[in-house]
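Spelled out, the chains give:
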Amino acid sequence: TTYKQPYRPQYHFSARANWINDPNGLVYYDGEYHLFYQYNPFGIHWGHMTWGHAISRDLVHWQELPPAIAEENSTMIFSGSCVVDKANTSGFGQDGRVPMVAIYTGAQPGNQSQHLAYSLDKGRSWIKYTGNPVIDLKQKDFRDPKVFWYEPAKHWVMIVSLPTDKKALFYKSSNLKDWTKASEFTAPDSPATIWECPDLVEVPVDGTMERKWVLLLSMGNNGPAGGSGMQYYVGRFNGSAFVNESKPGEVRFVDWGKDYYAAVTFNNLPRRGNRGAISISWMNNLQYANDIPTSPFRGAMSLPRELRLAKVPTPATHYELRQLPIQELKPLLSTSFQWTGTDVAQLNESILNNGLLGDTYCLQLELEATKTGVGVRVKKEEASKGKGDETVIGYDPSRQQVYVDRSRSGNVSFKKEFPGRFTAPLKPQNGRISLQIWVDRSSVEVFGNDGEVTLTNQIFPKPTSKGIEFFGEGLRSVLIRSVEPIWK
Ligand code: FRU
């Protein structure tokens, strides 16, 4: 019964009960992927921030464990990261046991500083470092350290944010305890006035031997769809300073939907050829996160995504982020419907004749950008003619935009900023657009043209609104695969 409530995500992570926000400390160690997250053990609103904990052996099926690092003496445990200190640089290891080290923000009224905790039992129990804090600038806003090992120079790197100054600071350390400031990054063209949860990660460039560094930033406001969102910069990194090579004025959004925030990437992933980095985000928006109509849980994570870069020759050579759901999700999929043709009326009829109803599924659409526009209505209420629930995903060829319209997606009235229509720029390739659409009980994630753009949005339709209906001209093929729930 735990994972059966209305709106309960069936293949996205959510906590059994209570509030969650940012993913924290994403790390792989000894056969387990760890997902820590901002968690309130005492309620369904933000507060008492603690690191919640879940583990997975395949990045798909998660098991929630007891909270890992708890609030103490009014120091809340804010967002941060986790490393596996194999060489015991920190000295936290004992009797050959490798320490996992969490680096997080200790948040007190009026002060935020960076702290350590370590675990010698694969993340099950945590000991706070007695020398905390390890960096204290006597700042009210100074948070969200992401630490990783920089192999070429063999030292640890921290990227951490001064949110209200729109700055990311870089620090270096040989032992995780003593940190030296190395550089600062700022980007005056960022539309946000608050930067949170920075990350820096090396990403392979498709079709080359190159790797570039991607700086991910969470924007507390002025995101692409309103409210919070994410942007990125591409450049070089030498272990001390990030050199941005993205052109000024080109604000690069990670996701164009309204519910994609605080994404960070995994540390210590097993080497798998030239595979990209893997990220997870909190699928929510600061404008209404405390108000979404779920119970007894509030908040969910996005699907894990693989990040790659494409080298794009025009107008001048530059690099763009490409994101697709990780291939580990494939075993959840089974084909339930396939169609090729041009006659959308015939397609809708055969969907109805097959009694096909969509609860949790993945749609793959290939379409031609003709004049009229084309798309699909998902989570559509059957009975009510043109008035009930529906979430519309479509392509508008005149504007060259893919869009998600959740104005009538179900319960939209809990906050005025929730309903709306959100767009992303997308050009046809050889006259074609492809859309991969992941529908769960309370979310829709759209990946356009193999991950060129993504749109992530929550929806809260009635449980009985399960219709799928196509419209417009230009649809060429449809594949519907059902997605098996991850909860047993
Ligand atoms: C982002 C954020 C972080 C902070 C955490 C507190 O959503 O505000 O900056 O560490 O949430 O829960």
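Coordinates for the structure precede this section.
Residues numbered from 1 in each chain as written. Predicted model: local features only at pLDDT ≥ 70, side-chain atom pairs only at ≥ 80, totals over all residues. Heavy atoms only, no water.

Concerning the overall build of the protein chain
Applied cut-off: We count a stretch as a helix when DSSP gives it H or I for four or more residues in a row; a strand needs E for two or more, and each element gets its number in order from the N terminus. With C-alpha atoms as the basis for the radius of gyration, the globule rule is written as 2.2 Å multiplied by the number of residues raised to the power 0.38. Whether two residues are in contact is decided by their heavy atoms, any of which lying within 4.5 Å being enough. To be clear on the numbers: accessible area is Shrake-Rupley with a 1.4 Å probe, and residue cover counts the displayed protein chains and nothing else. Positive charges come from Lys and Arg, negative ones from Asp and Glu, while His and the chain ends are left out of the count. To locate a charge, the coordinates of NZ of Lys, CZ of Arg, CG of Asp or CD of Glu are taken.
Helices and strands together make up the secondary structure of the protein chain, namely one helix and 34 strands. Relative to the compact-globule value of 23 Å for 488 residues, the protein chain shows a C-alpha radius of gyration of 22 Å, a close match. Overall size of the protein chain, expressed as C-alpha extent along the three principal axes, is 70 × 55 × 40 Å. Pairs at least 24 residues apart make up 59% of the contacts formed inside the protein chain by residues separated by at least 6 positions. Split by element, the accessible area of the protein chain, about 18600 Å² in all, is 50% carbon and sulfur. Across the protein chain, 54 positive and 50 negative side-chain charges occur, with their mean positions spaced 0 Å apart.

Observations regarding the pattern of salt bridges
Rules: Salt bridges are identified by distance alone: a Lys or Arg side-chain nitrogen within 4 Å of an Asp or Glu carboxyl oxygen.
Here the structure, examined in full by the defined rule, presents 38 salt bridges. The partner of Arg-211 in a salt bridge is Glu-202, and the shortest N-O contact between them spans 3.7 Å. Ionic contacts of the salt-bridge type, sharing partners, join the residues Asp-206, Arg-275, Glu-306, Arg-308 and Glu-328 into one network.

Describing helix α1 (residues 344-353)
Since the α-helix advances by 3.6 residues per turn, residues separated by three or four positions end up pointing in the same direction. Selection rule: For every residue, the accessible area (1.4 Å probe, protein chains only) is compared with the maximum for its type, and the residue is labelled buried under 20%, exposed over 50%, or partly exposed between those bounds. Arc definition: directions from the helix axis to the C-beta atoms. In protein, a polar contact requires one atom able to donate a hydrogen and another able to accept it; more generally it is a pair of N or O atoms within 3.5 Å, and residues adjacent in sequence count only if both atoms are side-chain atoms.
Of all the positions in α1, only Val-344, Leu-347, Asn-348, Ser-350 and Ile-351 are classed as buried. Angularly, the buried residues of α1 cover 165 degrees about the axis, an arc narrow enough to put them on a single face. Facing away from the buried side of α1, by more than 90 degrees, are the exposed residues Ala-345, Glu-349, Leu-352 and Asn-353. Taken together, the buried residues of α1 touch β24 (333-340), β33 (467-472) and β34 (475-483). With a side-chain oxygen positioned 3.1 Å from the backbone nitrogen of Ala-345, the residue opening α1 is Asp-343.

Comments concerning the sheet that holds strand β10 (residues 143-150)
The line we're drawing: Paired strands are those between which DSSP finds at least two bridges. The axes are straight lines fitted to the C-alpha atoms, using for helices just the contacting stretch, and the angles between their N-to-C directions are given from 0 to 180°.
Reading across from one edge, β10-β11-β12-β13 is the order of the four strands in this open sheet, with antiparallel pairing throughout. Of all the strands in the sheet, the pair left with one neighbour each is β10 and β13 (180-185). Mean inter-strand twist for the sheet, computed between neighbouring axes without regard to direction, equals 25 degrees. Sheet analysis places β10 next to strand β11 (residues 155-162), joined by six bridges and oriented antiparallel. Its bridge partner lying in β11, Tyr-150 is registered against His-155.

Topic: the layout of surface pockets
Under the convention used in this document: The definitions used throughout rest on a 1 Å grid laid over the protein atoms alone, on which a cavity is an enclosed set of points accommodating a 1.4 Å probe that cannot get out and a pocket is an open set flanked by protein within 12 Å on both sides along at least five of seven lines; lining residues are those having an atom within 4 Å of a point. Grid points are joined across faces, edges and corners, and a volume is the space filled by probe spheres set on the points. Polarity classes work like this: nonpolar for Ala, Val, Leu, Ile, Met, Phe, Trp, Tyr, Cys and Pro, charged for Asp, Glu, Lys and Arg, and polar for all others, with Gly in that last group.
By volume, the largest pocket amounts to about 940 Å³. Around the largest pocket, the lining is made up of 31 residues, and of these Trp-149, Asn-267, Asn-268, Leu-269 and Arg-271 lie nearest the centre. Every element with two or more residues in the lining of the largest pocket is listed here: β5 (76-84), β10, β14 (195-204) and β15 (211-219). In this structure, the second largest pocket spans a volume of roughly 610 Å³. Forming the boundary of the second largest pocket are 25 residues, of which Trp-256, Glu-320, Pro-425, Glu-452 and Val-453 lie nearest the centre. Elements with a contribution of two residues or more to the lining of the second largest pocket: β18 (252-253), β23 (318-325) and β32 (453-458). In terms of residues, the lining of the second largest pocket owes the most to one element, β23, which gives five residues. Looking at the lining of the second largest pocket residue by residue, the classes come out as 11 nonpolar, seven polar and seven charged.

Here's the deal with the packing of aromatic side chains
Spelled out, the test is: Here a Phe, Tyr or Trp ring, Trp counted by its six-membered ring, pairs with any other such ring whose centre lies within 6.5 Å, and the pair is stacked when the planes are under 30 degrees apart, edge-to-face when over 60, and tilted otherwise. The rule for a charge over a ring is simple: NZ of Lys or CZ of Arg within 6 Å of the ring centre, and within 35 degrees of the ring normal.
Enumeration according to the criterion identifies 33 aromatic pairs in this entry. Aromatic ring contacts, followed pair by pair, group Tyr-3, Phe-13, Tyr-37, Tyr-39, Trp-62 and Trp-487 into a single cluster. Positioned over the ring face of Phe-297 is Arg-8, at 3.9 Å from the centre of the ring. Positioned above the aromatic ring of Phe-418 is the side chain of Arg-406, whose terminal nitrogen or guanidinium carbon lies 3.6 Å from the ring centre.

Structural notes on the side chain of Thr-391
Locating Thr-391 in the fold gives a position in strand β27 (residues 391-396). Sequence-distant contacts of Thr-391, that is, excluding residues within four places in its chain, are made with Val-376, Arg-377, Val-378, Lys-379, Val-404, Asp-405, Ser-409, Val-444 and Ile-459.

Considering the sheet that holds strand β29 (residues 421-425)
Spatially, five strands are ordered β29-β28-β27-β26-β33 in an open sheet, and the strand pairing comes out antiparallel. Every interior strand has two partners, whereas the edge strands, β29 and β33, have only one. On average, each strand axis in the sheet is tilted by 15 degrees relative to the strand beside it, whichever way the strands run. As defined by bridge partners, strand β28 (residues 401-405) adjoins β29 across five bridges and the pair is classed as antiparallel. By the bridge assignment for β29, Val-402 is matched with Ala-424.

Here we look at the site of the ligand
Condition: We call a residue near a molecule or strand whenever a single non-hydrogen atom of that residue lies within 4 Å of it.
Within the structure, the ligand sits among Asn-21, Asp-22, Gln-38, Trp-46, Met-49, Phe-78, Ser-79, Arg-143, Asp-144, Glu-196 and Tyr-261. Residue Ser-79 places a main-chain N or O atom 3.1 Å away from an oxygen atom belonging to the ligand. Contact between the ligand and Glu-196: an oxygen atom at 3.0 Å from a side-chain N or O atom of the residue. Relative to its free-state accessible area of 320 Å², the ligand is covered by the protein chains to the extent of 93%. For the shell around the ligand, the secondary structure elements donating two or more residues are β1 (18-29), β5 and β10. Partitioned by chemical class, the residues of the shell around the ligand number four nonpolar, three polar and four charged.

Regarding unusual backbone geometry
A cis amide bond links Asn-132 to the next residue, Pro-133, at an omega of -5 degrees. Take Pro-133: it is sitting in the loop between β8 (127-128) and β9 (135-139). Put simply, Ser-295 and Pro-296 share a cis peptide bond, and its omega is 5 degrees. Mapped onto the elements, Pro-296 comes out in the loop between β20 (277-282) and β21 (297-298). Even without glycine at this site, Leu-176 takes up a positive phi of about 70 degrees. Tracing the sequence through the fold places Leu-176 in the loop between β12 (167-173) and β13. Although it is not a glycine, Asn-222 adopts a positive phi angle of roughly 55 degrees.

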